[in-house]
Amino acid sequence: MNAPNGLPDLSHLWMPFTANRQFKSQPRLLASAKGMYYTSVDGRQILDGTSGLWCVNAGHCRDEIVQAITRQAAEMDYAPGFQLGHPLAFEAASAVAGLMPQGLDRIFFTNSGSESVDTALKIALAYHRARGEGQRTRLIGRERGYHGVGFGGISVGGISPNRKTFSGALLPAVDHLPHTHNLEKNAFSKGQPAWGEQLADELERIVALHDPSTIAAVIVEPMAGSTGVLIPPKGYLERLRAITAKYGILLIFDEVITGYGRLGAATASEFLGVTPDLISMAKGISNAAVPAGAVAVKRDVHDAIVNGVQGGIEFFHGYTYSAHPLAAAAILATLDLYKRENLFTRARELAPAFEAAAHSLKAVPNVIDIRNIGLVAGIELAPREGAPGARAAEAFQKCFDNGLMVRYTGDTIAVSPPLIIEEAQITELFQKIGNVLKEIA
Ligand SMILES: Cc1ncc(COP(=O)(O)O)c(C=O)c1O
């Protein structure tokens, strides 16, 4: 039933990762979307500075994707994925494999980033067990890491509010690398910061503490997005790769945000030239038009599990909606669109203008750091005394009121527009942020 103000009854929906009471007292509702813009329920155009939630990489409501989903919904709405299949699922897997770094060409489908992360962790455990190293059960994440909200993901994740309520029920054999954020050394770095490669050596300390024979996998976001845009220091991921390889530990890159063009290549792995053993992904895989995710797995990891049993099911894991026909149709149409419009290259070509526009905010009051890579920027603000996060929250609201959608985490504003953004819109986006920051200073 509609409330007197024309809005629906807001009381029943328990909103995710939202201050529910605050939101419902001042709702921000979106009605439609096209290309670079949302339209709010009160008819305002809002420039999408965040690709929805880092996911609508090709822009909104693209005809090709809409048509593919519509066609598929009419032709076959659902097909079971256990012991049965449908051609689009296999085609989508081939298309995804074609974009992954060489060797990661076995694809397991999920419906979200959280599911992809938990699937990747389970594959790591299954791999070691299949090779007779079932004692390798320890998983290493990183402080400030975000790997979704499953019990696996929050256990290896390192954002404390996401963990503390559930602290008694986290996975037992987990350790964490230190995060890589250091304002003193790296503030206002453009692209990968120069300082911090040696932080990867902490893995040697963790390995020595637990013994390598107990460690299954290390999982990191190549660029940590949700915690507030932390760019990997130069040489850091290379060192993690070398250390994991030395001890037979699998390296998982969580590319839920960085996959599908965000940095200017299909994956961060490709862009940064470091190849992990598994990649978890979601979001941009289907342009967020249908929930979808996947894990790309190195062939020998897959083969160890799948060829490791005499017969029957090899891996006791999967989702009712793994490779759902609508998701498969959306993935195929999305990947086709990325290719046809050369969107990953476009992102790479726009990155210098984006970097310059982001760093033009350096002298704005309360800006204490600006970080960027590809089409991602983080603008860190000085926290207000006794009210961490309040300044960024106010900036977010004011940007929204001024027709711009950004995200914020703590006191960092994050920007990650669709890859179809025009240079003039990049200028507009950062000018709006700058004006808002000056206003609230
Ligand atoms: C790196 C990373 N992993 C996992 C997730 C979780 O994805 P989802 O919300 O689709 O479960 C996210 C979401 O932002 C993410 O950024």
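What comes next concerns the included structure.

Things to note about the site of the ligand
Link 1 in the chain: Taken together, 14 residues form the shell around the ligand, and within it Ser112, Gly113, Ser114, Gly148 and Val256 come nearest.
Link 2 in the chain: Residues belonging to the shell around the ligand are distributed by class as follows: 5 nonpolar, 7 polar and 2 charged.

Here we look at helix α3 (residues 63-75)
Link 1 in the chain: Its 13 residues give α3 an end-to-end C-alpha distance of 18 Å, which sits within 8% of 18 Å, the value for a rise of 1.5 Å per residue.
Link 2 in the chain: Among all positions of α3, only Ile65, Ala68 and Gln72 are buried. Along the axis of α3, the buried positions cluster into a sector of 65°, meaning they face one direction only. Relative to its buried face, α3 has exposed residues pointing more than 90 degrees away, namely Asp63, Gln67, Thr70, Arg71 and Ala74.
Link 3 in the chain: In this fold, the buried residues of α3 make contact with α13 (325-340).

What to know about the sheet that holds strand β10 (residues 293-297)
Link 1 in the chain: Read across the sheet, 7 strands follow the order β4-β10-β9-β8-β7-β5-β6 without closing on themselves; strand pairing throughout is mixed. The sheet terminates laterally at β4 (106-110) and β6 (174-177), the two strands that pair on one side only. Neighbour to neighbour, the strand axes of the sheet diverge by 20° on average, direction disregarded.
Link 2 in the chain: In this structure, strand β7 (residues 215-220) lies alongside strand β8 (residues 250-254), joined through 4 bridges in parallel fashion. Within β8, the position partnered with Val218 by the bridge is Leu251.
Link 3 in the chain: Strands in contact with helix α9 (residues 202-210) are β5 (138-142), β6 and β7; relative to β6, the strand with the most contacts, it is inclined by about 155°.

Notes on the environment of Ile426
Link 1 in the chain: Within the secondary structure layout, Ile426 lies in helix α16 (residues 423-440).
Link 2 in the chain: Expressed as a C-alpha distance, the spacing of Ile426 and Leu375, which sit 51 residues apart in the sequence, is 9.9 Å.

Let's talk about the packing of α3 against α13
Any two packed helices are characterised by the angle at which their axes cross and by the distance between the axes.
Link 1 in the chain: Taken N-terminus to C-terminus, the directions of α3 and α13 make an angle of 155°; their axes are 8 Å apart at the nearest point. Overall, the two elements α3 and α13 adopt an arrangement that is roughly antiparallel. For the pair α3 and α13, the crossing hand works out as right-handed. Residues Glu64, Ile65, Ala68, Ile69, Gln72 and Ala73 of α3 touch α13, and the partners they reach there are Pro325, Leu326, Ala329, Ala330, Leu332, Ala333, Thr334, Asp336 and Leu337.
Link 2 in the chain: In the contact of α3 with α13, the residues fall into 11 nonpolar, 2 polar and 2 charged.

Brief notes about helix α10 (residues 236-246)
Link 1 in the chain: Turning to α10, its buried residues number three or more, namely Tyr236, Leu237, Leu240, Arg241, Ile243 and Thr244.
Link 2 in the chain: Check the buried side of α10 and you find it contacts α9, β7, β8 and α11 (268-272).
Link 3 in the chain: With its phi angle positive at about 70°, Gly248 sits one or two positions after the end of α10.

Quick word on the pairing of β5
Link 1 in the chain: A large share of β5 lies buried, amounting to 5 of its 5 residues.
Link 2 in the chain: Residues Arg138, Ile140 and Arg142 point to one face of β5 and Leu139 and Gly141 to the other, with burial holding for every one of them.
Link 3 in the chain: In this structure, β5 lies alongside β7, joined through 3 bridges in parallel fashion. For Ile140, the partnering residue across the bridge sits in β7 and is Val218.
Link 4 in the chain: Bridge analysis of β5 against β6 gives 4 bridges, and the strand direction is parallel. Opposite Arg142, over in β6, you have Leu177 as the bridge partner.

Some thoughts on the environment of His60
Link 1 in the chain: Turning to its location among the elements, His60 is positioned in the loop between α2 (51-54) and α3.
Link 2 in the chain: By C-beta crowding, His60 is classed as buried, having 22 other C-beta atoms within 10 Å.
Link 3 in the chain: Between the C-alpha atom of His60 and that of Asp48, which follows or precedes it by 12 residues, the distance is 9.3 Å.
Link 4 in the chain: Once you skip the residues sitting within four places of it in the chain, His60 turns out to touch Ala33, Lys34 and Gly35.

Considering the nonpolar core
Link 1 in the chain: Core analysis: the largest hydrophobic core is formed by 128 residues, its most contacted members being Leu278 and Ala330.
Link 2 in the chain: At 11 residues, the largest contribution of residues to this core is made by α13.
Link 3 in the chain: When residues of this core are assigned to domains, at least three fall in each of domain 1 (20-58 + 342-440) and domain 2 (66-340).
Link 4 in the chain: Not counting residues within four places of it along the chain, the set of residues in contact with Ala330 comprises Ile65, Ala68, Ile69, Ser286, Asn287, Ala289, Val290 and Ala292.

As for unusual backbone geometry
Link 1 in the chain: The backbone of Tyr260 shows a phi angle near 65°, a positive value even though the residue is not glycine.
Link 2 in the chain: Assignment of secondary structure puts Tyr260 in the loop between β8 and α11.
Link 3 in the chain: For Ala323, which is not a glycine, the phi torsion comes out positive at approximately 55°.
Link 4 in the chain: Since 26 C-beta atoms lie within 10 Å of it, Ala323 is described here as buried.

Each value, and the rule that gives it
Residues numbered from 1 in each chain as written. Predicted model: local features only at pLDDT ≥ 70, side-chain atom pairs only at ≥ 80, totals over all residues. Near = placed C-beta within 6 Å. Nonpolar A, V, L, I, M, F, W, Y, C, P; charged D, E, K, R; others polar. Helix = DSSP H or I, 4+ residues; strand = E, 2+ residues; numbered from the N terminus. Expected span 1.5 Å × (residues − 1). Buried ≥ 20, exposed ≤ 12 C-beta atoms within 10 Å, placed from the backbone. Arc of directions from axis to C-beta. Contact = placed C-beta atoms within 7 Å. Pairing = 2+ DSSP bridges. Axes fitted to C-alpha atoms, helices over the stretch in contact; angles between N-to-C directions. Parallel < 35°, antiparallel > 145°, perpendicular 65-115°, else oblique. Left-handed = near helix turned anticlockwise from the far one by under 90°. Core = buried A, V, L, I, M, F, W, Y, C linked by C-beta atoms within 7 Å. Domains from an automatic or database assignment.

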